[in-house]
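Chain by chain, the residues:
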Amino acid sequence: MEKKRQPIGVFDSGAGGLSVLKELVRLMPEEDFIYYGDSLNAPYGVKPLEEVRQLTYACAEHLLERGVKEIIIACNTATSAACKIMRGMYPDLPLVGIEPAVKPAAQNHRGEKVAVMATPLTLHEEKFKQLVKRYENLATIIPVPCPDLVEYVEKGILEGPELEGYLKDVLKPCLQEGVKAVVLGCTHFPLVKAAIGTVVGESVRIYDGGEGTARQAKCLLAAKNLCTDQEKGHICFESSAPEKEAYYEALYRKAAHIDSRVKL
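Quick caveat, the model's predicted, so the values are computed rather than measured. (Residues numbered from 1 in each chain as written. Predicted model: local features only at pLDDT ≥ 70, side-chain atom pairs only at ≥ 80, totals over all residues. Heavy atoms only, no water.)

Visitor: What is the right way to look at the pairing of strand β3 (residues 70-73) in this model?
Guide: Every regular strand shows the same layout, with side chains that alternate between the two sheet faces. Taking every second residue as pointing to the same face, both faces of β3 are buried, with E70 and I72 on one and I71 and I73 on the other. When strand β1 (residues 8-12) meets β3, the two strands line up parallel, connected through four bridges. Note that in β3 the partner of I8 across the bridge is E70. Direction of pairing for β3 relative to strand β4 (residues 95-96): parallel, over a ladder of two bridges. Counted as the bridge partner of I71 is L95 from β4. Between the parallel pair β3 and β4, the chain is carried across by helix α3 (residues 76-89), and the sense of this crossover is right-handed. (Buried < 20%, exposed > 50% of the residue type's maximum accessible area, 1.4 Å probe, protein only. Helix = DSSP H or I, 4+ residues; strand = E, 2+ residues; numbered from the N terminus. Pairing = 2+ DSSP bridges. Right-handed = clockwise from strand over helix to strand, strands pointing away.)

The structure is reproduced here in structure tokens:
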């Protein structure tokens, strides 16, 4: 197959990366995509660092075996744990990670408080700490660990009183501090952003980094002259837990209608 017409690989610990896939397809509808979710091993955010790295490498190898021309690590936890190392492992491969949208949130809310919802591992990693240091002079960044929120998405619980009760518990302290913005620091979280919006209220702005990741992915392809010349692409959904593949496709279709309250 001609290199330009090879698919783009996107992977996550499970279904969360579908929120990034939505942005990739919107920006590059002519490209083919393989989405791989490692739901068999989800969630990543509560696992030891070295285990997350090994799982991340395995996901990348699966996609490379499928002949992808670019890989997007659509998982904040995996990006924090392994992206820098993987760039050394695959120097010729266009490789894109994701990070919480702290920059636009801090720039738009100078002197105010900004909460970052993420998995415990993402918040613990040096990558996140450096991100906070870059923008702490603009806004007060408040980490909000959400160890169980990924599992709600993986189970298909995207709304309802059980989910909202959990969100109220984890968000109550930062809301009491008067945060003006919430950054969704895990790709699973935009899939429950309606519930998050209900809990934080209309006055709190919600940020997601998916569109920025998609723009970077397109720029890397263009720089290597790898953009396809076909008219319209298609998506293949795969999982380490094959019974999840139909769920991914259904959830992707729903994710394509994420409402405009998610700011990029």
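Back to the write-up after that little detour.
Visitor: I keep staring at the sheet that holds β1 and nothing clicks. Help me out?
Guide: Where strands meet in a sheet, backbone hydrogen bonds hold them as pairs that are either parallel or antiparallel. With respect to topology, five strands assemble into an open sheet ordered β4-β3-β1-β2-β9, the strand pairing being parallel. Each having just a single partner strand, β4 and β9 (235-239) make up the two edges of the open sheet. Packed onto the sheet, helix α11 (residues 245-255) meets β2 (33-37) and β9 and runs at close to 135° relative to β9. (Contact = heavy atoms within 4.5 Å. Axes fitted to C-alpha atoms, helices over the stretch in contact; angles between N-to-C directions.)

Visitor: Where do I start with helix α8 (residues 161-176) in this structure?
Guide: Each α-helix turn comprises 3.6 residues. Residues three or four places apart therefore point the same way. When the terminal C-alpha atoms of α8 are compared, their 21 Å separation across 16 residues agrees well with the 22 Å that a helix rising 1.5 Å per residue should span. Largest kink in α8: about 45°, centred on V170, with the proline P173 one to four residues after it. Of all the positions in α8, only L163, Y166, L167, V170, L171 and C174 are classed as buried. Of the surrounding elements, those touching the buried residues of α8 are β5 (113-118), β6 (140-145), α7 (149-154) and α9 (193-200). Just past α8, the residue G178 takes up positive phi, approximately 85°. (Expected span 1.5 Å × (residues − 1). Bend = angle between axes of the 7 residues up to and from the residue.)

Visitor: Mind showing me how you'd approach the nonpolar core here?
Guide: If you look at the biggest cluster of nonpolar residues, it comprises 53 residues, and the most contacted ones within it are M117, L149 and L167. The residues touching L167, leaving out its near neighbours within four places in the chain, are M117, L149, A195, I196 and V199. Listed in part, the 23 residues of the second largest apolar core include F11, I71, A82 and C83. (Core = buried A, V, L, I, M, F, W, Y, C linked by side-chain atoms within 4.5 Å.)

Visitor: Sorry if this is basic, but what is going on with the pattern of salt bridges here?
Guide: Opposite charge on two side chains allows them to pair when their charged atoms are near. Per the stated rule, a full pass over the model turns up 13 salt bridges. Here K22 makes a salt bridge to E23, at a shortest N to O gap of 2.6 Å. What makes K22 buried here is its relative accessible area of 15%. For R253, the salt bridge identified is with E249, shortest N-O distance 3.0 Å. Of this pair, R253 and E249 both sit in helix α11, four residues apart, roughly one helical turn. Judged by its relative accessible area of 33%, E249 is partly exposed. Among the charged side chains, a salt-bridge network with shared partners connects K22, E23, R26, E211 and R215. (Salt bridge = Lys/Arg side-chain N within 4 Å of Asp/Glu carboxyl O.)

Visitor: I would appreciate a short explanation of the packing of aromatic side chains in the present structure.
Guide: Two measures describe an aromatic ring pair: the distance that separates the ring centres and the angle between the ring planes. In total, this model carries four aromatic pairs according to the counting rule given. Consider the rings of Y152 and Y166, whose centres lie 5.3 Å apart with planes at 35°: the pair is tilted. On the criterion of sequence distance, the pair formed by Y152 in helix α7 and Y166 in helix α8 is long-range, its members being 14 residues apart. Side by side, Y152 and Y166 carry an identical accessibility label, which is buried. For the ring pair F237 and Y252, a centre distance of 5.8 Å and an interplane angle of 50° mean the geometry is tilted. Here Y252 lies in helix α11 and F237 lies in strand β9, a separation of 15 residues in the sequence. Classification of F237 by relative accessible area gives buried; the value is 12%. Under the relative-accessibility criterion, Y252 is labelled buried at 12%. (Phe/Tyr/Trp six-rings, centres within 6.5 Å; stacked < 30°, edge-to-face > 60°.)

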